[in-house]
Amino acid sequence: MDCHDSNLNDANFGTQDWLDHLRVQAVIHREIAERIDNPFIKNELLHLASVCEEVAGNIEDHQTRH
C-alpha cells in the first residue's frame, strides 16, 4: 500500500486503469480491516476503502457527464 509504488510511477495509466486500481485498493483495505482487532485502525482502513470507491465513482460520474 505504498503510495510511491515504482510500478505506478513508470506506468501510463488510463482512466479505466485508475478506476480498477482504486477499487482493488478498496478491496485490499477491507480485507485487512477484517483481520485487525484495533477498532481505530479498522475504522481508518474502512474509511480509506470508502474514499477509494467514492473517488472512482466521482471519476465515472464525471466521464458520463462529458
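Please refer to the structure higher up on the page.
Quick look at the structure, then. (Residues numbered from 1 in each chain as written. Predicted model: local features only at pLDDT ≥ 70, side-chain atom pairs only at ≥ 80, totals over all residues. Heavy atoms only, no water.)

1. Focus on the nonpolar core
Counting six residues, the largest nonpolar core is built from L19, L22, A26, A49, C52 and A56. When residues of this core are traced back to their parent elements, those giving at least two are helix 2 (15-35) and helix 3 (39-65). If sequence neighbours within four positions are ignored, C52 has contacts with L22, Q25 and A26. (Core = buried A, V, L, I, M, F, W, Y, C linked by side-chain atoms within 4.5 Å. Buried < 20%, exposed > 50% of the residue type's maximum accessible area, 1.4 Å probe, protein only. Helix = DSSP H or I, 4+ residues; strand = E, 2+ residues; numbered from the N terminus. Contact = heavy atoms within 4.5 Å.)

2. Quick notes on the pattern of salt bridges
Overall, the coordinates contain two salt bridges when judged by the stated rule. For E60, the salt bridge is made with R23, and the minimal N-O distance between the two is 2.8 Å. Here R23 lies in helix 2 and E60 lies in helix 3, a separation of 37 residues in the sequence. With a shortest N-O distance of 2.9 Å, R30 and E53 are connected by a salt bridge. Pair noted here: R30 is in helix 2 and E53 is in helix 3, with a separation of 23 residues, a long-range link. With a relative accessible area of 28%, R30 lands in the partly exposed category. (Salt bridge = Lys/Arg side-chain N within 4 Å of Asp/Glu carboxyl O.)

Distances and angles like these do not, on their own, reveal function.
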